[in-house]
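Observations on chain architecture
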Amino acid sequence: MKKTIMIKKRYEFKRLFSKGKFFYSEYINMYIQENNKKYNKLAIAVSKKQGSAVIRNKFKRLIRENYKNFEIHLETGYNILFIINKNSELETKDITFYNIRNNMKRMFKKAGIYNEENID
């Protein structure tokens with residue numbers, strides 16, 4: 001399993017928001033942009049409006065774990081940002097691991113970076 005490299009710099013977040021392609025699903029939104037490197041970088045943003053620190057950290061853990069499961073099937077060379085959708089039908093605290101997994105898979109396929117056979 002690869003070590004996930006996280007985006008932490010403010011200018012990288014700004015570049016993703018301004019120049020990245022936007023994909024949305026029921027529970028999470030995704031911005032994606034090429035980074036011309038041999039690895040992917042991940043960023044997760046959860047608003048304070050989503051709940052307390054415990055709930056926000058839970059979302060981050062769920063997204064990070066799902067991403068690790070998909071990482072071997074993704075093409076490399078992208079910066080990826082995930083945001084919890086504020087307008088989801090469910091209460092944000094009721095979002096499960098499987099909801100996020102299904103949404104992520106759908107968005108990766110829309111973006112064209114998901115490949116079932118791609119195992120390094």
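An account of the accompanying structure is given in this report. This structure is a prediction, so every number in the text was calculated from the model and none was measured. (Residues numbered from 1 in each chain as written. Predicted model: local features only at pLDDT ≥ 70, side-chain atom pairs only at ≥ 80, totals over all residues. Heavy atoms only, no water.)

Our next topic: unusual backbone geometry. Phi at N36 takes a positive value of approximately 55°, unusual for a residue other than glycine. Of note, N36 is situated in the loop between β3 (28–34) and β4 (41–45). (Helix = DSSP H or I, 4+ residues; strand = E, 2+ residues; numbered from the N terminus.)

With respect to the secondary-structure elements, G77 resides in the loop between α2 (53–70) and β5 (78–84). Assessed through its relative accessible area of 6%, G77 is described here as buried. Along the sequence, G77 and N36 sit 41 residues apart, while their C-alpha atoms lie 5.3 Å from each other. In this structure G77 touches Q33, E34, N35, N36, K37, Y39 and N40, once residues within four positions along its chain are discounted. (Buried < 20%, exposed > 50% of the residue type's maximum accessible area, 1.4 Å probe, protein only. Contact = heavy atoms within 4.5 Å.)

This paragraph deals with the sheet that holds β4. Within the open sheet, the five strands sit side by side as β1-β4-β5-β3-β2. Their pairing is mixed. Since the sheet does not close on itself, it has two edges, and those belong to β1 (5–6) and β2 (21–24), each with one partner. Taken together, the five bridges between β4 and β5 define a ladder with parallel strand orientation. By the bridge assignment, K41 is partnered in β5 with N79. (Pairing = 2+ DSSP bridges.)

Helical geometry: 3.6 residues make up each α-helical turn, so side chains three or four residues apart lie on a common side. Taking 1.5 Å as the rise per residue, helix α3 (residues 97–111) with 15 residues should run 21 Å; its terminal C-alpha atoms sit 21 Å apart, in good agreement. Of all the residues in α3, the buried ones are N99, I100, N103, M104, M107 and F108. Here the buried residues of α3 occupy an arc of 155° about the axis, which is enough to place them on one side. For α3, the secondary structure elements touched by its buried residues are β2, β3, α2 and β5. Just downstream of α3, G112 is the residue with a positive phi angle, here 80°. (Expected span 1.5 Å × (residues − 1). Arc of directions from axis to C-beta.)

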